[in-house]
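Read off the chains here:
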Amino acid sequence: MSYTKESLSELSDYYKKQLLEDTVPFWFPRSIDEEYGGYLLMRDENGELLDDDKAVWIQGRAAWLLATLYNTVEPRQEWLEGAKTGIDFLLQHCFDADGRMFFHVTRDGRPIRKRRYFFSETFAVIAMGAYAKASGDTTIADKARELFGKIIDYATVPGLLTPKYTDVRPAKGIGVPMIMINTAQQVRETIGDPRCDEYISKWIAEIESDFVKDDIRCVMEQVAPDGSIIDHFDGRTLNPGHAIEGAWFILHEAKYRNNDPALIKLGCRMLDYMWERGWDQEYGGILYFRDLNNKPVQEYWQDMKFWWPQNETIIATLLAFTMTGNEKYADWHAKIHDYAYTNFHDRENGEWYGYLHRDGRVSVRLKGNLYKGPFHLPRQEWYCWQLLQEHFSK
């Protein structure tokens, strides 16, 4: 199939309507914590609060969303004020004495859990950058750049966060270079930083050299430090949706660099390989885990459908189509879009369920927890809407 100009226009209108009339209203304003600041995001299918703890990385994601809507859609005062309450909560309650951030805190900001990885920090950086652009607050912009420098060190200095590997099976994951590419892209687009271009190029090169395996048409989730494959459960486990998210980060960079052909080729190869491995031929949708050699996967949720891989694949396929004109990507986009909005979307209450069984039955009816909140779905709807608007303006 292919998309006509009229069908793409209808798709643009659909994403805009879903974002502004369905997804965002599910979360806001009711999720803003008027007493302690930040957001109360652990919600049932109808919006009822299930738990008042706060996942720090999702506090940053929610603040990023509100500030980004203010910057790119409409300067609504409630979005700016809503973003500010998240930024204030992060700065006042979510940093430990060592400068690292917590992962999980109580409603009033007392620490519960801290992780070795630094994803809380990456989302705080993009939230502060987006808010600084929206508000004009140069102090917050400086804080964002300072924290960006710290996470560059976390990502590049061996043993800075954890001791150097001393076990017999050292490994590295694709998650760090992926998230750092997107963090740097967001910083560059909101407040600017001279380090962004250089490090984005380094992290893309690392992904291409160590994680993309053209000979077996695969993007690895984890490899040995030299990029070789580790033939054990963890080393063979693939996460197609995660690799596809990395593919669209690289395609986005290609677009920024005047449609850089080498980056378009890389991003499309990554999408091709992991669509082949991740798309469920029987029921549709992107499977959560796959084994490199089609052996059994260790994790019991391996054949479930989580919400976010569908969101990332919707972005990646639409971006690939608009950049290449290849009708294969239009066909894939239509398939993943139709599957996701048919099975995940709650037409009665708004937003998406997070977790489906392989056959499309809803596994649990909540909309928010420590891992799911207002990010992957609204980012997808916002990005696809903006992408199509830009596509029509050319």
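Everything quoted here is computed from the prediction, not taken from an experiment.

**Remarks on the overall build of the protein**
Per the secondary structure count, the protein includes 13 helices and 14 strands. Expressed as a percentage of its 394 residues, the buried residues of the protein come to 59%. Sequence separation of 24 or more characterises 66% of the internal contacts of the protein that already satisfy a separation of 6 or more. In the structure as shown, the protein presents an accessible area of about 16300 Å², 47% of it carried by carbon and sulfur atoms. Charge centroids of the protein, computed over 47 positive and 60 negative side chains, lie 2 Å from each other.

**Topic: the sheet that holds strand S5 (residues 111-113)**
The antiparallel open sheet is built from three strands, whose spatial order is S3-S4-S5. Pairing within the sheet leaves two strands with one partner each, and these edge strands are strand S3 (54-55) and S5. Judged from the two bridges that link them, S3 and strand S4 (residues 104-105) form a sheet pairing that is antiparallel. What sits directly across from lysine 54, in S4, is valine 105.

**Concerning the state of the cysteines**
Following the criterion strictly, the structure yields zero disulfides and no others. Between cysteine 218, a cysteine without a disulfide, and cysteine 268, which holds the nearest cysteine sulfur, the sulfur-to-sulfur distance is 17 Å. Cysteine 384 forms no disulfide, and the closest cysteine sulfur to it belongs to cysteine 268, at a distance of 15 Å.

**Overview of the packing of helix H10 (residues 261-278) against helix H12 (residues 327-343)**
Axis separation between H10 and H12 bottoms out at 13 Å; the angle between their running directions is 50°. If you check the angle between H10 and H12, you find them oblique. Where H10 crosses over H12, the two elements pack in a sense that is left-handed. On the side of H10, the interface is formed by Cys268, Leu271, Asp272 and Trp275, while H12 contributes Lys328, Tyr329, Trp332, Lys335 and Ile336. Here the residues of the contact of H10 with H12 are counted per class, giving six nonpolar, no polar and three charged.

**Observations concerning H12**
Over its 17 residues, H12 runs 24 Å from end to end, which matches the ideal 24 Å to within 8%, given 1.5 Å per residue. Along H12, the residues classified as buried are Tyr329, Ala330, Trp332, His333, Ala334, Ile336, His337, Tyr339, Ala340 and Tyr341. Where H12 is buried, its residues touch helix H1 (5-27), H10, strand S12 (305-306), helix H11 (307-324), strand S13 (355-356) and helix H13 (376-393). Its side-chain oxygen at 2.9 Å from the backbone nitrogen of lysine 328, asparagine 326 defines the N-terminal cap of H12.

**Describing the side chain of arginine 269**
Inspection of the secondary structure assignment puts arginine 269 in helix H10. By relative accessible area, which is 16% here, arginine 269 ends up buried. Once residues within four sequence positions are removed from consideration, arginine 269 is found in contact with Glu208, Val212 and Asp214.

**Describing the environment of lysine 5**
Mapped onto the fold, lysine 5 is located in helix H1. In the structure, lysine 5 is positioned 90 residues away from phenylalanine 95 in sequence and 48 Å away in space, judged by C-alpha atoms.

**Focus: the sheet that holds S13**
Taken in spatial order, the three strands of this open sheet run S12-S13-S14, and their pairing is antiparallel. At either margin of the open sheet sits one strand with a lone partner, and together these are S12 and strand S14 (362-364). By the bridge criterion, two bridges tie S13 to S14 in an arrangement that is antiparallel. Directly across from tyrosine 355, in S14, lies its bridge partner valine 364.

**Brief notes about the nonpolar core**
One finds Tyr15, Phe28 and Phe148 to be the most contacted residues of the largest nonpolar core, which totals 134 residues. Tyrosine 15 has contacts with Ile314, Leu318, His333, His337, Tyr341, Gln380, Glu381, Cys384, Trp385 and Leu388, leaving out every residue within four places of it along the chain.

**Structural notes on unusual backbone geometry**
Following phenylalanine 28, the chain continues to proline 29 via a peptide bond in cis, the omega torsion being 15°. Structurally, proline 29 is set in the loop between H1 and strand S1 (42-43). Phi at asparagine 294 takes a positive value of approximately 60°, unusual for a residue other than glycine. Within the secondary structure, asparagine 294 sits in the loop between strand S11 (290-291) and S12.

**Looking at the packing of aromatic side chains**
Applying the stated criterion across every chain yields a total of 35 aromatic pairs. The interplanar angle of 90° and the centroid separation of 6.4 Å between the aromatic rings of phenylalanine 103 and tyrosine 117 together place this pair among those described as edge-to-face. Note that phenylalanine 103 is positioned in the loop between helix H3 (77-93) and S4 and tyrosine 117 in the loop between S5 and helix H4 (119-135), a separation of 14 residues in sequence. For tyrosine 117, a relative accessible area of 32% translates into the label partly exposed. Taking 5.1 Å as the distance between ring centres and 85° as the angle between the ring planes, the aromatic pair formed by tyrosine 341 and tryptophan 352 counts as edge-to-face. A residue pair is termed long-range when its members are at least 10 positions apart, and tyrosine 341 in helix H12 and tryptophan 352 in the loop between H12 and S13 qualify at 11 residues. The residue whose ring lies beneath arginine 61 is tryptophan 57, and the NZ or CZ to ring-centre distance is 4.6 Å.

The rules behind these values
- Residues numbered from 1 in each chain as written.
- Predicted model: local features only at pLDDT ≥ 70, side-chain atom pairs only at ≥ 80, totals over all residues.
- Heavy atoms only, no water.
- Helix = DSSP H or I, 4+ residues; strand = E, 2+ residues; numbered from the N terminus.
- Buried < 20%, exposed > 50% of the residue type's maximum accessible area, 1.4 Å probe, protein only.
- Contact = heavy atoms within 4.5 Å.
- Areas by Shrake-Rupley, 256 points an atom, 1.4 Å probe, with all protein chains shown as cover.
- Lys, Arg positive; Asp, Glu negative; His and termini not counted.
- Charge placed at Lys NZ, Arg CZ, Asp CG, Glu CD.
- Pairing = 2+ DSSP bridges.
- Disulfide = S-S within 2.5 Å.
- Axes fitted to C-alpha atoms, helices over the stretch in contact; angles between N-to-C directions.
- Parallel < 35°, antiparallel > 145°, perpendicular 65-115°, else oblique.
- Left-handed = near helix turned anticlockwise from the far one by under 90°.
- Nonpolar A, V, L, I, M, F, W, Y, C, P; charged D, E, K, R; others polar.
- Expected span 1.5 Å × (residues − 1).
- Polar contact = N/O pair within 3.5 Å; in protein donor to acceptor, adjacent residues only side chain to side chain.
- Core = buried A, V, L, I, M, F, W, Y, C linked by side-chain atoms within 4.5 Å.
- Phe/Tyr/Trp six-rings, centres within 6.5 Å; stacked < 30°, edge-to-face > 60°.
- Lys NZ or Arg CZ within 6 Å of the ring centre and 35° of its normal.

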